[in-house]
Amino acid sequence: MKHAALALALWMGAFAGACGSTTPPPETAADKDDFDGESLPGGDAAGGSESAKAQKPAKAEQTAAADEGDEMPAKSTPVQATKFEADLKKIGINLKKIPPLEKLPSAQKKKVMPLLQKALGYDTCEGCHVEGDFKKETRDMKVAREMWRHFVVPLRSESGGTLFCDSCHAGDEHVLNRKDKKALQAFMEEEYQYKLARADKEDMECGTCHGDAMETKIIEKLWNIPK
Ligand code: HEC
Ligand code: HEC
Ligand code: HEC
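What you see is a predicted model, and the numbers here were worked out from it, not measured in a lab.

A. Geometry of the site of ligand 3. Of all residues adjacent to ligand 3, which total 23 residues, the nearest are R178, M188, C206, C209 and H210. Contacts to ligand 3 include H210, whose side-chain N or O atom sits 2.8 Å from a nitrogen atom. The set of elements that each furnish at least two residues to the shell around ligand 3 consists of α9 (181-193), α10 (206-210) and α11 (218-222). Among the elements that line the shell around ligand 3, the one with the most residues is α9, at 7 residues. Across the shell around ligand 3, the residue classes tally to 14 nonpolar, 4 polar and 5 charged.

Encoded structure:
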């Protein structure tokens, strides 16, 4: 089932100068440390977020210090179960069937905003908005809409759990360390390919997010959001 993905990964290996170092998907290891909420106590809100907190790698603390400015985390941030499932439910959002962000009823849209802020670790709403005008379009608003459309709506954890922004962001806008190409590629394979899945049950491949032509600049080139 993961042949196509593996082939693509190997091809990527060639371009990143890591040819042949790709190992087959570690099914059992991946199953073991699946981030999905299955082992969380009874899906109850408090219990759920507490164990999600416990699972959060200590690394997040180090990177929190770097969230001012454009510094990248020392290590790319692994995927985790969302801590916002209960908060989302409270405002009437079921992650299993949500519309694009722009299609949410206005009341829900407003209530989801503080969750976006928290998931990205912004101090204020101005992480995405300009002061005093929530309607004025910004680059971060555009990115947020596309992240919602391409990642939150159609993707799942490998065992079918839903994703929200914090599943990848864990309280920080910056999640990738792009300095070490080989490590980044391994990260993409282990975290974004093998630990994530598609709601439509099709194979999860690099191309699911990067497109068939393997465009690495997703935001700029695939989503057409200039820097
Ligand atoms: C991660 C980015 C992000 C953050 C952080 C964020 N917003 Fe938004 N906000 C958006 C996007 C994107 C839209 C437009 C949604 C759409 O297309 O309708 C929006 C729309 C809104 C709107 C509706 C504007 C209108 O068209 O009437 C309000 C009000 C709003 N945000 C308030 C807030 C508040 C208050 C906060 C802080 C608690 C906040 N936002 C934080 C991304 C963000
Ligand atoms: C599948 C993982 C994933 C999910 C889910 C996800 N993101 Fe992202 N997001 C990323 C990655 C990877 C980057 C690039 C970060 C970097 O360069 O360090 C990013 C970058 C961003 C940026 C910064 C873009 C820039 O260039 O400045 C914003 C804003 C953002 N995401 C918002 C969101 C919002 C809002 C959500 C939820 C609706 C979300 N993301 C969900 C993976 C994800
Ligand atoms: C769940 C979606 C997703 C999957 C699956 C995925 N990636 Fe990514 N990848 C991203 C995002 C988002 C970025 C940041 C894009 C941006 O900055 O525009 C990124 C960035 C990259 C970059 C860095 C590009 C740069 O210029 O810094 C490389 C290399 C990469 N991915 C390789 C891969 C490979 C190889 C695979 C398959 C093993 C893969 N990705 C699978 C979402 C994904």
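B. Up close: the pattern of salt bridges. Across all of its chains, the model carries 6 salt bridges by this definition. Between R149 and E146 there is a salt bridge, with its nearest N and O atoms 2.9 Å apart. Residue R149 and its partner E146 are both found in helix α7 (residues 139-152); the two are separated by 3 residues, about one turn of the helix. On the accessibility criterion, R149 (29% relative accessible area) is partly exposed. On the basis of relative accessible area, E146 is assigned to the buried category, the value being 16%.

C. Inspection of the nonpolar core at higher detail. Ranked by internal contacts, the top residues of the largest apolar core, which has 20 residues, are L88, I93, V112, L115, W148 and F164. Mapped onto this core, the elements with two or more residues apiece are α6 (106-120) and α7. No other element matches the 5 residues that α6 contributes to this core. If you look at the next biggest cluster of nonpolar residues, it comprises 16 residues, including V143, L163, W223 and I225.

D. Just the coordination of the iron atom of ligand 1, in detail. The iron atom of ligand 1 binds to the protein through M113 (SD) and H129 (NE2); the donor distances cover 2.0 to 2.3 Å. Coordination geometry of the iron atom of ligand 1: the 6 donor atoms subtend angles of 82 to 180° at the metal centre, consistent with an arrangement described as octahedral. Of this pair, M113 sits in helix α6 while H129 sits in the loop between α6 and α7, and the two are 16 residues apart along the sequence. Taking the relative accessible area as the measure of exposure, M113 reaches 28% and is therefore partly exposed.

So, how was this worked out
Counting of residues starts from 1 at the beginning of each chain's written sequence and follows it residue by residue. Chains and ligands are labelled sequentially in the order written, the chains with letters from A and the ligands with numbers from 1. Thresholds applied to this predicted model are a pLDDT of at least 70 for local features of residues and 80 or more for the giving and counting of side-chain atom pairs; totals over whole chains, interfaces and linings are not thresholded and use all residues. Side-chain measures here rest on the full set of heavy atoms in the structure, leaving out hydrogens and waters. Being near a molecule or strand, for a residue, comes down to having at least one heavy atom within 4 Å of it. Two N or O atoms form a polar contact when they lie within 3.5 Å of each other; inside protein one atom must be a possible hydrogen donor and the other a possible acceptor, and for residues adjacent in sequence the pair counts only when both atoms belong to side chains. Each helix is a run of H or I in the DSSP string that is no shorter than four residues. Each strand is a run of E no shorter than two, and both are numbered from the N terminus. Gly falls in the polar group here, along with every residue not listed as nonpolar (Ala, Val, Leu, Ile, Met, Phe, Trp, Tyr, Cys, Pro) or charged (Asp, Glu, Lys, Arg). Put simply, a salt bridge is a Lys or Arg side-chain nitrogen that is within 4 Å of an Asp or Glu carboxyl oxygen. Under the scheme applied here, a residue whose accessible area is under 20% of the maximum for its type counts as buried, over 50% as exposed, and between as partly exposed, the area being computed with a 1.4 Å probe on protein chains only. By convention a nonpolar core is built from buried Ala, Val, Leu, Ile, Met, Phe, Trp, Tyr and Cys residues, the set being connected through side-chain atoms within 4.5 Å. We call an atom a donor if it is N, O or S and sits within 2.8 Å of the metal, or 3.2 Å for Na, K and Ca. Water is not counted, so some sites may look partial. Only four donors with every angle between 85 and 135 degrees are called tetrahedral; only four or six donors with opposite donors over 155 degrees apart and all others between 65 and 115 are called square planar or octahedral, in that order; all others are irregular.

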